[in-house]
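# Structural description and commentary
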Amino acid sequence: MRVALIQMPVTPDKQENISCACRAIRKAACNGADVAVLPEMFCCPYENSCFRAYGEEAGGPAQQALSALAGELGLYIVGGSIPELEGDKVYNTSYVYGRKGELLAKHRKVHLFDINVAGGQRFMESDTLSPGNAITTFETEFGTCGLCICFDLRFEELARCMCLRGAKVLFVPAAFNMTTGPAHWELLFRQRAVDNQCFTVGVSPARDKHASYVAYGNSLAVDPWGTVLCRAGAEEAILYADLDIGRLEAVRAQLPILSARRTDLYEVREK
């Protein structure tokens, strides 16, 4: 499975962001990508004040563009995420399209990014966004894949549930910041890959030092042994990761973590 990690800039111009994403996906297809992955909020500045204004209902312009392009180019598109409007609610939602342009999956970010780090970043997604309520996996000819968004990755239970459903690759559109990124970005992707013996793929926007929310960048892919297969810097880039699914089976055979789990001991009793 050849995965293109599209670390693109995000501007205040929604249509230009969509066009930029489509240009990058075309380039990825020309380079043999089976799957193209976009960043979190790829068509919208990462600001509470923008989410509703840039949002779209089912079948909106960003969704139409990605669906049409997936069908035209015959590749999978993990469409980063966009603000999804439904009634009076706004969700941080990722759409996945298959090789014929069909909608394969939709994930609404489950864990909202509400943090207040002393001396660092403060951001409250719940001021504007509503949480999703589903664990999301989808099927490809390479096997089952999992999908979550940014802060979701910090919750091991969610990653484990996806892998227990059979997920071999976890796709994570994300936008860590300059406080959490240097501290935890690579650590979390390697940790989830090793814990669940799967591939993890994280795709961030390129860094814009002038934005109100400065993304860390550093999009990366990690294999089931915890090896970083590729990693970007801060700038706009397209990376390619060739994921050997056979490698996953070999690691699981050598270290039987999933099959050796003692679920009879793991019941959690809250105090």
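These numbers were taken from a predicted model, which means no experiment stands behind them. (Residues numbered from 1 in each chain as written. Predicted model: local features only at pLDDT ≥ 70, side-chain atom pairs only at ≥ 80, totals over all residues. Heavy atoms only, no water.)

## Here we look at the overall build of the protein chain
Looking only at helices and strands, the protein chain features six helices and 15 strands. Its C-alpha atoms give the protein chain a radius of gyration of 18 Å, near enough to 18 Å, the size a compact globule of 271 residues would have. When its C-alpha atoms are laid out on the principal axes, the protein chain stretches across 50 × 50 × 35 Å. In the protein chain, which comprises 271 residues, the proportion classed as buried is 54%. (Helix = DSSP H or I, 4+ residues; strand = E, 2+ residues; numbered from the N terminus. Rg over C-alpha atoms; globule rule 2.2 N^0.38 Å. Buried < 20%, exposed > 50% of the residue type's maximum accessible area, 1.4 Å probe, protein only.)

## Side note on the state of the cysteines
Overall, the coordinates contain zero disulfides when judged by the stated rule. With no disulfide of its own, C148 lies 9.1 Å from the sulfur of C150, the closest cysteine sulfur. There is no disulfide at C230, and the cysteine sulfur nearest it, in C198, is 15 Å away. (Disulfide = S-S within 2.5 Å.)

## Quick notes on the pattern of salt bridges
Summed over the entire model, instances satisfying the criterion amount to 19 salt bridges. Here K109 makes a salt bridge to E125, at a shortest N to O gap of 3.0 Å. Note that K109 is positioned in the loop between β6 (103-108) and β7 (114-116) and E125 in the loop between β8 (122-124) and β9 (136-140), a separation of 16 residues in sequence. On the accessibility criterion, E125 (0% relative accessible area) is buried. (Salt bridge = Lys/Arg side-chain N within 4 Å of Asp/Glu carboxyl O.)

## Comments concerning the packing of helix α1 (residues 14-30) against helix α3 (residues 61-73)
Direction vectors running N to C along α1 and α3 enclose 15 degrees, while the axes themselves pass 11 Å from each other. Between α1 and α3, the crossing angle belongs to the class labelled roughly parallel. With respect to the hand of their crossing, α1 and α3 are arranged in right-handed fashion. Packed against α1, whose contacting residues are K14, I18, C22, I25, R26 and A29, the element α3 presents P61, A62, A65, L66, L69, E72 and L73 at the interface. Among the residues making up the contact of α1 with α3, the classes are represented as 10 nonpolar, no polar and three charged. (Axes fitted to C-alpha atoms, helices over the stretch in contact; angles between N-to-C directions. Parallel < 35°, antiparallel > 145°, perpendicular 65-115°, else oblique. Left-handed = near helix turned anticlockwise from the far one by under 90°. Contact = heavy atoms within 4.5 Å. Nonpolar A, V, L, I, M, F, W, Y, C, P; charged D, E, K, R; others polar.)

## Side note on the sheet that holds strand β13 (residues 220-222)
One open sheet accounts for six strands, arranged β9-β10-β11-β12-β13-β14; its pairing is mixed. Bordering the open sheet on either side are β9 and β14 (228-231), each of which pairs with just one other strand. Averaged over all neighbouring strand pairs, the angle between strand axes comes to 15 degrees, with direction disregarded. The strands that helix α4 (residues 156-164) touches are β9, β10 (143-147) and β11 (169-173); relative to β11, the one it contacts most, it runs at about 140 degrees. (Pairing = 2+ DSSP bridges.)

## Focus: the pairing of strand β12 (residues 199-203)
In terms of burial, β12 is largely enclosed, as five of its five residues are buried. Here β12 shows no split at all, with F199, V201 and V203 on one side and T200 and G202 on the other all buried. Bridge count between β11 and β12: five bridges; the pairing is parallel. Bridge pairing in β12 links P173 to V203. What joins β11 to β12 is helix α5 (residues 180-196), and the crossover it makes is right-handed. Pairing analysis gives three bridges linking β12 to β13, with the strands arranged antiparallel. Looking at β13, one finds that T200 is bridged to V222. (Right-handed = clockwise from strand over helix to strand, strands pointing away.)

## A closer look at α5
An α-helical segment advances 3.6 residues per turn. Residues three or four places apart therefore align on the same side. Taking 1.5 Å of rise per residue, the 17 residues of α5 would be expected to cover 24 Å, and the 22 Å separating its terminal C-alpha atoms lies within 8% of that figure. Of the positions making up α5, those classed as buried are T180, G181, W185, L188, F189, R192, A193 and N196. Structurally, α5 contributes buried residues whose contacts are with β7, α4, β11, β12, β13 and α6 (245-254). One or two residues past the end of α5 sits Q197, with phi positive at roughly 50 degrees. (Expected span 1.5 Å × (residues − 1).)

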